[in-house]
Amino acid sequence: MANINTAGVDPTKMGVGRAIAVLTSGGDAQGMNAAVRATVRVGLYTGAKVFFVHEGYQGLVDGGDHIRPATWESVSMMLQLGGTVIGSARCKDFQTREGRLKAAFNLVKLGVTNLCVIGGDGSLTGANIFRTEWSDLLKDLISKGKITKEEAKTSSHLNIVGMVGSIDNDFCGTDMTIGTDSALHRIIEVVDSITTTAQSHQRAFILEVMGRHCGYLALVTALACGADWVFIPEMPPDDGWEDHLCRRLTETRKAGSRLNVIIVAEGAINKEGKPITCDQLKDLVTKRLGYDTRATTLGHVQRGGTPSAFDRVLGSRMGVEAVMALLEATPETPACVVSLSGNQAVRLPLMECVQVTKDVTVAMNEGRFDDAVKLRGRYVWKYHTFFNNWNTYKLLAHVRPPETKSNINVAILNVGAPCAGMNAAVRTAVRIGIIQGHNMLAVHDGFEGLAEEKPITWNTVGDWTGKGGSELGTKRVLPGKYMEEISLNIAKYNIHALVIIGGFEAFSGALEMVQGREKYEELCIPMVIIPATVSNNVPGSDFSIGADTALNTITTVRDTAHTLSGCTVYKYHNDYQPIFVNNFINLKKVFRFFLIDLHVKKTLVSWERHSKCFASHAYKERPKK
């Protein structure tokens, strides 16, 4: 990420004499507005002129009022809004050279030589074509007398940077695209609602989610809700899948489950390339098993609503990096796309990523589905999210526990305050342990409960994925004063390893137990800590389980408070300020934890500076009417 103090350059002067235009193109995605907002504010902070291009490439071609100056205040209410405030449109005119000639004329007249495009691979490919033709377009404009040689010289080079906005997460080279996380939140909300009615009536539900060419949404949804089966375009089921599916659903019911959930991507196909649809699956389950079955297609509700906290931060960070990429570019710098790699916003060659994305389509059309999965995500396929998610889902849902046992006993416990996601972590740890043939022991109520281990089975944790809090129970008590009792119980129950899920207390407690090894040899066993705390304060991890859910809850409250305060402004003028400023400060203390770990302090606008700017502009005294 860009550093504000790089090489002693004054960041408020980096963009002086430069002009940046930002547009959104293609399908809308939650978080696009956050990216636009960051681009505008950071651009203005550097001293550059910034322009909105309304209605995507169509606005670039039409010019006039479609290209307007952006101000700090003009983006002040955009962060929490879904869709794209500046509009998006499919533009056939820009696909022609004549249309691109008009677009070039409009930019030259405004002195814009830096273009930030937020959209899918088609939109970014169009931007790169525009960039490569730029010199020839200027020559044509000069020959037609529309611009002068001086204007052409001033605008001799066009810099392009892209950000990917797509709920499908179908762009190669990035772990997540803007809008994906928000779409997943919409889907999971629906799944949670469906499971309650499905359990009541012992129904099977088939849910179709978006993903015509990419099954990321379907795959992660299945992983997040513990679905019985998932169909995605990249991995068509083997021949005879109908029998396997029915056997799987039957086994789940026999194990005590009152519902079945099947997730289908809209582009799901079989080995012959024929579509697998919700109606087809409904008929199969109804006729063969006689289950009361319902099918639901979510449609565009997945694109609707406010962006999640993750997408707001992701769009903001990418917007910062995009401006830095534009201001640091030279005529020799290739067009880049801002991507997410791990927890870092990075710049990658635009057309290389576009080409890999196209290679995925080619691989799928040729039936090379394993290659398609490996091409998804980052360049190093073994470490990207799609590949890992697919393998994790298969492990947790489709692998039968082995008959041969390892005679290894693994105890699992929760420590500290409960948080969302703890139960999902327990479920995964239990099932992975059982797959390895180990005996899994449940420890209730943290370190205090080490005297009461009980076996925990595959089916016990079956529906824990979506449950909040801690089914095992948890306490903040550290093991120090119970060390002797704990060591005796570890020996008594023949525990060979400990999995400790929790926050800083779990971290501190494990350290105490490691230190106790000098006195108690029973403590000389492997211990693993899984960070789980809304505070996100466990060393060594960018994210703790529960932090994202807590941040989304805070964001929802903040949105409500912001809406209420906005209604109050004009009625009571400044009476709302002390309450709202105090609320802002309190939220800031919470946000600092997450944003510092997200490396926001390394971006051009640090959180401290951003908060000061926000306060100075958002809370300035309004003129009384």
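What you are looking at is a predicted structure, and each value in this text was computed from that prediction instead of being measured.

Participant: Could you give an account of the environment of Thr148, naming the residues involved and the relevant values?
Facilitator: Relative to the assigned elements, Thr148 resides in the loop between helix 4 (121-143) and helix 5 (149-154). Here the alpha-carbon distance between Thr148 and Leu138, two residues 10 residues apart in the chain, equals 9.5 Å.

Participant: Let's hear about the sheet that holds strand 9 (residues 292-297): which residues, and what values?
Facilitator: With parallel pairing, the 4 strands of this open sheet are ordered in space as 7-8-6-9. Edge positions in the sheet fall to strand 7 (229-231) and strand 9, since each of these pairs with one other strand and no more. The average angle at which neighbouring strand axes cross in this sheet is 15 degrees, direction not considered. Bridge analysis of strand 6 (residues 203-209) against strand 8 (residues 260-265) gives 6 bridges, and the strand direction is parallel. Considered in strand 8, the bridge of Phe205 is made with Val261. Across the sheet, helix 7 (residues 216-225) lies against strand 6, strand 7 and strand 8, angled at about 165 degrees from strand 8, the strand it touches most.

Participant: So what's going on with the packing of helix 4 against helix 11 (residues 350-365)? Which residues, and what values?
Facilitator: With their axes 10 Å apart at the nearest point, helix 4 and helix 11 run at an angle of 140 degrees to one another. Comparing the axis directions of helix 4 and helix 11 gives the class oblique. Relative to helix 11, the crossing made by helix 4 is left-handed. The segment helix 4 lies against helix 11, with Asp121, Leu124, Thr125 and Asn128 engaging Leu350, Met351, Val354, Thr357 and Lys358. In the contact of helix 4 with helix 11, the residues fall into 4 nonpolar, 3 polar and 2 charged.

Participant: I'd like to hear about the environment of Ile432, residue by residue, with values.
Facilitator: By secondary structure assignment, the location of Ile432 is in helix 14 (residues 422-435). C-alpha separation for the pair Ile432 and Thr392, spaced 40 residues apart in sequence, amounts to 9.4 Å.

Participant: Tell me what's going on with the pairing of strand 2 (residues 49-53), and back it up with residues and numbers.
Facilitator: Extensive coverage of strand 2 is indicated by the burial of 4 of its 5 residues. Direction of pairing for strand 1 (residues 19-24) relative to strand 2: parallel, over a ladder of 5 bridges. When the sheet's bridge partners are listed, Val22 is paired in strand 2 with Phe52. A crossover links strand 1 with its parallel partner strand 2, the connecting element being helix 1 (residues 32-45), and its sense is right-handed. Direction of pairing for strand 2 relative to strand 3 (residues 67-69): antiparallel, over a ladder of 3 bridges. Along strand 3, the bridge assignment pairs Phe51 with Pro69.

Participant: Got a sec to walk through the side chain of Asn114? Specific residues and values, please.
Facilitator: Mapped onto the elements of the fold, Asn114 is located in strand 4 (residues 114-119). The exposure class assigned to Asn114 is buried, which follows from its relative accessible area of 0%. Looking at Asn114, its side chain comes within polar contact range of the side chain of Arg18, at 3.5 Å. In terms of polar contacts, Asn114 uses its side chain to reach the backbone carbonyl oxygen of Ala19, at 3.1 Å. Ignoring sequence-local partners within four residues, the contact set of Asn114 consists of Arg18, Ala19, Ile20, Ala21, Leu158, Asn159 and Leu326.

Conventions and cut-offs
- Residues numbered from 1 in each chain as written.
- Predicted model: local features only at pLDDT ≥ 70, side-chain atom pairs only at ≥ 80, totals over all residues.
- Heavy atoms only, no water.
- Helix = DSSP H or I, 4+ residues; strand = E, 2+ residues; numbered from the N terminus.
- Pairing = 2+ DSSP bridges.
- Axes fitted to C-alpha atoms, helices over the stretch in contact; angles between N-to-C directions.
- Contact = heavy atoms within 4.5 Å.
- Parallel < 35°, antiparallel > 145°, perpendicular 65-115°, else oblique.
- Left-handed = near helix turned anticlockwise from the far one by under 90°.
- Nonpolar A, V, L, I, M, F, W, Y, C, P; charged D, E, K, R; others polar.
- Buried < 20%, exposed > 50% of the residue type's maximum accessible area, 1.4 Å probe, protein only.
- Right-handed = clockwise from strand over helix to strand, strands pointing away.
- Polar contact = N/O pair within 3.5 Å; in protein donor to acceptor, adjacent residues only side chain to side chain.

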